[in-house]
Amino acid sequence: MSEKATWRAGQKHGWIAAGIVVLLLAMEGCAGEAPKPSSNVTQDQVRGNADKAFEKLKQEEKNRAVDSLGVPY
């Protein structure tokens, strides 16, 4: 077999291997679980969470103010 024929045979096997890899990846993608739908958050839930976070920040700010008054530098 000549060097050119050997190279072509190797190239052919490379294309076949690449095709098999692509086929396996496509099958894996189709066999995976479907993405779960995201939960719908209402405006009331968002507002409630924001209010809780704001109250927590206000409380932390009060605690820092009290701590800074009692500690001399």
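Below or above, wherever it landed, is the structure these notes cover. (Residues numbered from 1 in each chain as written. Predicted model: local features only at pLDDT ≥ 70, side-chain atom pairs only at ≥ 80, totals over all residues. Heavy atoms only, no water.)

A closer look at the overall build of the protein chain
The helix and strand tally for the protein chain stands at two helices and zero strands. Out of the 73 residues belonging to the protein chain, those deemed buried represent 0%. When the accessible area of the protein chain is evaluated, it comes to approximately 7400 Å², of which 62% is carbon and sulfur surface. (Helix = DSSP H or I, 4+ residues; strand = E, 2+ residues; numbered from the N terminus. Buried < 20%, exposed > 50% of the residue type's maximum accessible area, 1.4 Å probe, protein only. Areas by Shrake-Rupley, 256 points an atom, 1.4 Å probe, with all protein chains shown as cover.)

Description of the pattern of salt bridges
Between side chains of opposite charge, a pair can form as their charged atoms come close. Evaluation of the coordinates by the stated rule reveals two salt bridges. The partner of Arg47 in a salt bridge is Asp44, with the nearest N and O atoms 3.3 Å apart. Of the two residues, Arg47 and Asp44 both sit in helix H2 (residues 43-70), three residues apart, roughly one turn of that helix. Residue classification places Asp44 among the exposed positions, given a relative accessible area of 58%. A salt bridge links Lys58 to Glu55; the shortest N-O distance between them is 3.4 Å. Of this pair, Lys58 and Glu55 both sit in helix H2, separated by three residues, roughly a single helical turn. Accessibility expressed as a relative area gives 45% for Glu55, which makes it partly exposed. (Salt bridge = Lys/Arg side-chain N within 4 Å of Asp/Glu carboxyl O.)

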